[in-house]
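Overview (structure and organization)
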Amino acid sequence: SPSQRGWGNGIQVGGYYLGQILGGGAVLVLYSRFGWLPAMAAMALLLAIPLIQVALFREPDHHRNAATAPPAKVEFKAIGRFFARSGGLWALLIAFYRAGETFAVTCWSSSATR
């Protein structure tokens, strides 16, 4: 329900970061004990596991009539209308937050390796 979306999103983001911390730590332990190749092979294997579900997924057959069919082309005005509606500014803020976070992490990690 709409009242549970905040909790759901918080749990999803928390799980994402917890997975990064635990997964990154586990790969570092593998690296220290067995070397680079086994650590990267284990990481590749773990990242490939969700692809099994994606490979087996089949899009359900949706019967749409002309009234519910999406428009043939997307207009740039539609993007403006999206951000103009209630809550649209939050979506824009979130997009810039993630872009800034990515830029900061990328620049920090690039400068740390020089």
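The sections below set out a description of the structure shown in this document. (Residues numbered from 1 in each chain as written. Predicted model: local features only at pLDDT ≥ 70, side-chain atom pairs only at ≥ 80, totals over all residues. Heavy atoms only, no water.)

1. A closer look at the packing of aromatic side chains
Formally: For this analysis, a ring pair means two rings from Phe, Tyr or Trp (six-membered ring only for Trp) whose centres lie within 6.5 Å, classed as stacked if their planes differ by under 30 degrees, edge-to-face if by over 60, and tilted for the remaining angles. When accessible area is computed with a 1.4 Å probe and restricted to protein chains, residues below 20% of their type maximum are described as buried, those above 50% as exposed, and intermediate ones as partly exposed.
Counted by the stated rule, this structure contains two aromatic pairs. Geometrically, the ring pair formed by Tyr31 and Trp36 is edge-to-face, given 5.5 Å between the ring centres and 90 degrees between the ring planes. By relative accessible area, which is 42% here, Tyr31 ends up partly exposed. For Trp36, a relative accessible area of 56% corresponds to the exposed category.

2. Topic: helix α2 (residues 36-56)
To keep it simple, the criterion reads: Counting from the N terminus, the helices are the DSSP runs of H or I reaching at least four residues and the strands are the DSSP runs of E reaching at least two. The span one expects for a helix is its residue count, reduced by one, times 1.5 Å. Take the seven residues that end at a residue and the seven that start at it, fit an axis to each, and the angle between those axes is the bend at that residue.
With 21 residues, α2 should cover 30 Å at 1.5 Å per step; its first-to-last C-alpha distance of 31 Å lies within 8% of that length. In the structure, α2 departs most strongly from a straight axis at Pro50, where the bend amounts to approximately 30 degrees.

3. Notes on the packing of helix α1 (residues 5-34) against α2
For any two helices packed against each other, one specifies the crossing angle of their axes together with the interaxial distance. Under the convention used in this document: Note on definitions: angles span 0 to 180 degrees between N-to-C directions of axes, and those axes are lines fitted to C-alpha atoms, for helices only across the stretch in contact. Throughout this description, any angle smaller than 35 degrees is read as roughly parallel, any larger than 145 degrees as roughly antiparallel, any in the 65 to 115 degree range as roughly perpendicular, and the remainder as oblique. Crossing handedness is read from the near helix: turned anticlockwise from the far helix by less than a right angle, it gives a left-handed crossing, and turned clockwise, a right-handed one. By definition in these notes, contact holds between two residues if any of their heavy atoms fall within 4.5 Å.
Relative orientation of the contacting elements α1 and α2 amounts to 150 degrees, with a least axis distance of 7 Å. Taken together, α1 and α2 sit at an angle that is classed as roughly antiparallel. When the axes of α1 and α2 are compared, the crossing they make is right-handed. The segment α1 lies against α2, with Val27, Leu30, Tyr31 and Phe34 engaging Trp36, Pro38, Ala39, Met40, Ala42 and Met43.

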